[in-house]
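What follows is the residue order along each chain.
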Amino acid sequence: MKPRILVIEDNARLRNGLIDQLKAEGFEAFGAGNGDSGVKCWQERKPDLVLLDLMLPGRDGYRVLTDMRSSNDYTPVIMLTALGEEWQRVKGFRLGADDYVVKPFGMNELIERIRAVLRRSGFNHKAENEVTSYAGISLDPSNRCAHCKNTRIELPGILFPLLAFFLNRPEELIERDQLLSTVWGVDSGISTRTVDVHISKLRKLLRDSQVNLVTIRGKGYMLSKC
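Residues numbered from 1 in each chain as written. Predicted model: local features only at pLDDT ≥ 70, side-chain atom pairs only at ≥ 80, totals over all residues. Heavy atoms only, no water.

What follows deals with the overall build of the protein. Of the regular secondary structure elements, the protein holds 8 helices and 12 strands. Here the C-alpha atoms of the protein give a radius of gyration of 18 Å, agreeing with the 17 Å that 2.2 N^0.38 yields for 226 residues. Overall size of the protein, expressed as C-alpha extent along the three principal axes, is 55 × 35 × 30 Å. Considering the protein as a whole, with its 226 residues, one finds that 49% of them fall into the buried category. Of all intrachain contacts in the protein linking residues separated by at least 6 positions in sequence, the fraction that spans at least 24 positions is 54%. As presented, the protein carries roughly 11100 Å² of accessible surface, and 46% of it is formed by carbon and sulfur atoms. (Helix = DSSP H or I, 4+ residues; strand = E, 2+ residues; numbered from the N terminus. Rg over C-alpha atoms; globule rule 2.2 N^0.38 Å. Buried < 20%, exposed > 50% of the residue type's maximum accessible area, 1.4 Å probe, protein only. Contact = heavy atoms within 4.5 Å. Areas by Shrake-Rupley, 256 points an atom, 1.4 Å probe, with all protein chains shown as cover.)

Written as structure tokens, this is what we have:
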């Protein structure tokens, strides 16, 4: 299955050029010219990754990203912008961006960043028929979900590789920095709060299971049987 990429960019020439290049690289790509139409397209077409321009008319990129994350959607987002100040990049990461590319950028670099973010988000994670199981939870990589007590648990965005990481390391202390560098693939100096927020969401999804994500104060987390 081809990864589906939504390009939200108000510059029509750049947007169409990106779509053409992405299609040439084997992606399914489509676009939107402003924040409002971008949000609508994201809701209706459910892309695997969003390329999001920051300076959009009306609803800007920060607002689009905030709306996505407040809806508990963790579709990977790479922000595209001519703004290169550190505080602007940090703001994007804190709102939930997965990567940040400053214009002008090389297409080859952008393609590799897209592939890296898709890998981290769990797209084509492991073999299609491989299922990781622990304490009654079965992870289904081909459908990006888990099963527990005949119940399907949806794992959008980063929650899928996050649970997979813990299921492969039960009863093992995992530090926040290790999760940031391995699951997110970013420098842990950005914000360990990112880990805490997603751990909380994962806990809620697992509340009816036989496992718990235990906080080891001052160190990290451990997946343990209840």
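Before going further, it helps to spend a moment on the pairing of strand β2 (residues 28-32). With 5 bridges joining them, strand β1 (residues 4-8) and β2 adopt parallel strand pairing. The partner of Ile 8 across the bridge, within β2, is Ala 32. One crossover worth recording links β1 to the parallel β2 by way of helix α1 (residues 12-24), and it is right-handed. (Pairing = 2+ DSSP bridges. Right-handed = clockwise from strand over helix to strand, strands pointing away.)

Across the sheet, 3 strands lie side by side as β10-β12-β11; this open sheet has antiparallel pairing. Since the sheet does not close on itself, it has two edges, and those belong to β10 (174-175) and β11 (211-216), each with one partner. As defined by bridge partners, β11 adjoins strand β12 (residues 220-225) across 6 bridges and the pair is classed as antiparallel. Paired with Val 214 across the strands is Met 222, a residue of β12. Sheet strands touched by helix α6 (residues 159-167): β10, β11 and β12. Its angle to β12, the strand with the most contacts, is close to 70°. Where helix α8 (residues 193-205) meets the sheet, its contacts fall on β11 and β12, and the angle it forms with β11 comes to roughly 155°. (Axes fitted to C-alpha atoms, helices over the stretch in contact; angles between N-to-C directions.)

Turning next to the packing of aromatic side chains. On inspection of all chains with the given rule, the structure shows 0 aromatic pairs. Here Arg 169 stacks its cationic end above the ring of Phe 165, 3.7 Å away from the centre of that ring. (Phe/Tyr/Trp six-rings, centres within 6.5 Å; stacked < 30°, edge-to-face > 60°. Lys NZ or Arg CZ within 6 Å of the ring centre and 35° of its normal.)

Another point: helix α4 (residues 86-95). Every buried residue belonging to α4 is among Gln 88, Gly 92 and Phe 93, and all of these are buried. Down the axis of α4, the buried side of the element spans an arc of 135°, and every buried residue falls inside it. Looking at α4, the residues exposed on the side facing more than 90 degrees away from the buried face are Glu 86, Trp 87 and Arg 94. Looking at the packing, one finds that the buried side of α4 touches α3 (61-70), β4 (77-81) and β5 (99-102). Phi turns positive, to about 120°, at Gly 96, one or two residues after α4. (Arc of directions from axis to C-beta.)

The next thing to look at is the confidence of the model for the protein. If pLDDT is low for a region, its predicted coordinates should not be looked at in detail. When pLDDT is averaged across the protein, the result is 85; 91% of the residues are at 70 or more. In this model residues 125-130 is a low-confidence stretch, pLDDT under 50, and it forms 9 contacts with partners more than four residues away in sequence or in other chains. (pLDDT = per-residue confidence, 0-100.)

Attention now goes to the sheet that holds strand β6 (residues 132-134). Read from one edge to the other, the open sheet built from 4 strands follows the order β6-β7-β8-β9, with strand pairing classed as antiparallel. Whereas interior strands pair on both sides, the edge strands pair on one side only; in this sheet they are β6 and β9 (151-154). Neighbouring strand axes in the sheet, compared pairwise and without regard to direction, differ in orientation by 20° on average. Sitting on the sheet, α6 is in contact with β6, β7 (137-140) and β8 (145-148), with an inclination near 130° to β7.

On to the pairing of β7. Pairing of β6 with β7 involves 3 bridges; the strand directions are antiparallel. Within the sheet, the bridge partner assigned to Ser 133 lies in β7 and is Ser 138. In sequence, β6 turns back onto β7 through a hairpin of 2 residues, with Ala 135 there showing a positive phi of about 50°. Judged from the 4 bridges that link them, β7 and β8 form a sheet pairing that is antiparallel. Note that in β8 the partner of Asp 140 across the bridge is Cys 145.

For the rest of this paragraph, the subject is the state of the cysteines. Two cysteines joined by a covalent bond between their sulfur atoms form a disulfide. Using the criterion set out here, one finds 0 disulfides in the structure. Cysteine Cys 145 remains unbridged, with the sulfur of Cys 148 as its closest cysteine sulfur at 12 Å. By relative accessible area, which is 0% here, Cys 145 ends up buried. (Disulfide = S-S within 2.5 Å.)

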